[in-house]
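Results of the structural survey
Listed here are the chains, written in short residue letters.
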Amino acid sequence: MNNIFEAPFVKEMCDTTANMYRLGWDERNGGNISYLLDPAMAEAYLDPKTVLRTLPLDFDASPLAGRYLIVTATGKYFKNVAGCPQNNMGVIRIRPDGKAYDILWGFADGSRPTSELPTHLMNHIARLKADPEHRVVMHCHPLNILAMTYVHDLDEKAFTKTLWRMSTECIVVFPEGVGVLPWMVCGNDAIGEATAKKIKDHRVVLWAAHGIFGTGETMDEAFGLIETVEKAAQVFMTIGQMPIRQSITDPQLADLCHAFKIQPRAGYLNV
Ligand code: 13P
Ligand code: ZN
């Protein structure tokens, strides 16, 4: 058995949480990450027969039955993950009936997975249907995107088009646009179901007055999506009080799509 503290997936979680904290996206216990692991990789670092605890789920996670995930812990601070991985995150495996999960490593001080686990698992189920290579769900509270949900219309098309216009790269990075949810109570199945509905054809969903969910095939992809949306929101919040003299037009956005051979969300560009 290899030393799990040296596992690439543990290192990736440590590096990413530290980086997100450094960027100010995860004050206090804000934010959570879950990462679907390759079974052979997980079993190279932990004994699949040693179950430390089993905890219930109150929705059907059976599409993920038998899957291993590394998940951040609830109430824990991203700034502390790298210094003490075993208390601040852990590896879980969804039970065959999808009604519970086993803890196989971590959560060592009695902690448990993030309160947003229903949203994470429902998002994994939705994204895997759209993309079998999907692996990562990431949630955080970046300043500018959070601020923007107070001052911008929450209509998804209007929000997306504003973000696309804030930086040339945006439409290339998220041509499908962003999903937007109005304010809701977090940490429960209802917000999980609402998010999963949107994430099936967006890889990014905003929670008004709360934060953002980004997904991807890799940690870099999920991180990069959030980083790009947050940068666009930063431009919006920076120029918000100033008269706009020029921007990126719809025909120019269409030219970008043509140049990068991407398909923007249908009906969003007036060309
Ligand atoms: P957890 O500490 O339970 O992960 O919650 C943080 C958070 O951002 C809730 O939305
Ligand atoms: Zn949150």
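This text follows the structure it describes.
So, a few notes on the structure that sits alongside this text. (Residues numbered from 1 in each chain as written. Chains lettered and ligands numbered in written order. Predicted model: local features only at pLDDT ≥ 70, side-chain atom pairs only at ≥ 80, totals over all residues. Heavy atoms only, no water.)

What to know about the site of ligand 1
What counts here: One heavy atom within 4 Å of a molecule or strand makes the whole residue count as near it. Polar contact criterion, stated in full: a pair of N or O atoms within 3.5 Å, where within protein one must be able to donate a hydrogen and the other to accept it, and residues adjacent in sequence count only if both atoms are side-chain atoms. Residues are grouped as follows: Ala, Val, Leu, Ile, Met, Phe, Trp, Tyr, Cys and Pro are nonpolar; Asp, Glu, Lys and Arg are charged; all remaining types, including Gly, are polar.
Taken together, Asn29, Gly30, Gly31, Asn32, Thr74, Gly75, Thr114, Ser115, Glu116, His139, His141 and His210 make up the full set of residues adjacent to ligand 1. Contact between ligand 1 and Thr74: an oxygen atom at 2.6 Å from a side-chain N or O atom of the residue. A distance of 3.0 Å separates an oxygen atom of ligand 1 from a polar side-chain atom of His141. Residues of the shell around ligand 1, tallied by class, amount to no nonpolar, 11 polar and one charged.

A look at the packing of aromatic side chains
Rules: Two aromatic rings, drawn from Phe, Tyr or Trp (for Trp, its six-membered ring), form a pair once their centres lie within 6.5 Å of each other, and the interplanar angle then sorts them: stacked below 30 degrees, edge-to-face above 60, tilted otherwise. Under the scheme used here, helices are H or I runs from DSSP no shorter than 4 residues and strands are E runs no shorter than 2 residues, and both carry numbers assigned from the N terminus. The buried label applies to any residue whose accessible area, calculated with a 1.4 Å probe on protein chains only, is under 20% of its type's maximum; exposed applies above 50%, and partly exposed to all values in between.
All chains considered together, the criterion is met by five aromatic pairs. Taken together, a centroid distance of 5.9 Å and an interplanar angle of 80° make the contact between Phe5 and Trp105 edge-to-face. Here Phe5, found in the segment before α1 (8-22), pairs with Trp105, found in strand β5 (residues 100-106); they are 100 residues apart in sequence, far enough to count as distant. Note on Phe5: relative accessible area 43%, which makes it partly exposed.

A short note on the coordination of the zinc ion (ligand 2)
Rules: Each metal's donors are the N, O and S atoms within 2.8 Å of it, or within 3.2 Å when it is Na, K or Ca, and because water is not part of the set, sites may look incomplete.
Donor atoms from the polypeptide that coordinate the zinc ion (ligand 2) comprise His139 (NE2), His141 (NE2) and His210 (NE2), at 2.1 Å from the metal. The sequence motif formed by the donor residues of the zinc ion (ligand 2) is H-x1-H-x68-H. Here the residue His141 occupies a position in the loop between β6 (136-140) and α5 (143-151), and His210 occupies one in the loop between β8 (204-207) and β9 (211-216), the gap between them amounting to 69 residues. By the burial criterion, His141 is buried, and His210 matches it.

Considerations on the pairing of strand β1 (residues 32-37)
What counts is decided by this rule: Note: two strands are recorded as paired if DSSP finds a minimum of 2 bridges between them.
Most of β1 is tucked away: six of the six residues are buried. Going residue by residue along β1, you find Asn32, Ser34 and Leu36 tucked away on one face and Ile33, Tyr35 and Leu37 tucked away on the opposite face as well. Both β1 and β6 contribute to a ladder of four bridges, which runs antiparallel. Among the inter-strand pairings, Ile33 is bridged to a residue of β6, identified as Met138. The sheet contact formed by β1 and strand β3 (residues 68-72) spans four bridges and is antiparallel.

Some points on the pairing of β5
When you tally the buried positions in β5, you get seven out of seven residues, the bulk of the element. As paired elements, strand β2 (residues 53-56) and β5 share four bridges and run antiparallel to each other. Residue pairing for β5: Pro56 is matched across the bridge by Ala100. Where strand β4 (residues 89-94) meets β5, five bridges bridge the pair, whose relative direction is antiparallel. Within the sheet, the bridge partner assigned to Arg93 lies in β5 and is Asp102. Adjacent in sequence and paired antiparallel, β4 and β5 are bridged by five residues, among which Gly98 carries a positive phi angle near 70°.

Comments concerning the sheet that holds β2
Quick note on the threshold: Under this scheme, a helix contributes an axis fitted over its contacting stretch, all axes are lines through C-alpha atoms, and angles between N-to-C directions fall in the 0 to 180 degree range. Contacts are residue-level and defined by heavy atoms, with any inter-residue pair within 4.5 Å sufficient.
Sheet architecture is open: nine strands sit in the order β2-β5-β4-β3-β1-β6-β9-β8-β7, paired in mixed fashion. Here the strands that pair on one side only, and so sit at the sheet edges, are β2 and β7 (179-181). Direction aside, neighbouring strands of the sheet carry axes that sit 20° apart on average. Taken strand by strand, helix α8 (residues 189-199) contacts β7, β8 and β9, and its axis lies near 160° from that of β7.

Comments concerning the environment of Ala266
On the secondary structure map, Ala266 appears in the segment after α10 (250-260). Taking the C-alpha atoms as reference, Ala266 lies 26 Å from Ile191; in sequence the two are 75 residues apart.

A look at the side chain of Asn144
Mapped onto the elements, Asn144 comes out in helix α5. The residues contacting Asn144, other than those within four sequence positions of it, are Glu230, Ala233, Gln234 and Met237.

A word on helix α6 (residues 156-166)
When you tally the buried positions in α6, you get eight out of 11 residues, the bulk of the element. Where α6 begins, one side-chain oxygen reaches toward the backbone nitrogen of Lys157, 3.3 Å away; that side chain belongs to Asp155.

Some details on the pattern of salt bridges
Charged atoms that come close allow side chains of opposite charge to pair. What counts is decided by this rule: A pair is scored as a salt bridge if a Lys or Arg side-chain nitrogen falls within 4 Å of a carboxyl oxygen belonging to Asp or Glu.
One pass over the full model with this rule turns up nine salt bridges. Two residues, Asp109 and Lys76, come together in a salt bridge whose shortest N-O distance is 2.5 Å. Highlighted residues: Asp109 in the loop between β5 and α4 (117-130) and Lys76 in the loop between β3 and α3 (85-88), separated in sequence by 33 residues. Residue Asp109 is classed as partly exposed on the basis of its relative accessible area of 39%. With relative accessibility at 21%, the residue Lys76 sits in the partly exposed group. Of the charged contacts in the structure, one is a salt bridge between Lys198 and Glu156, with a shortest N-O distance of 2.7 Å. You can see Lys198 sitting in helix α8 and its partner Glu156 sitting in helix α6, a full 42 residues away along the chain. One salt-bridge network, in which partners are shared between bridges, spans Arg93, Arg95 and Asp102.

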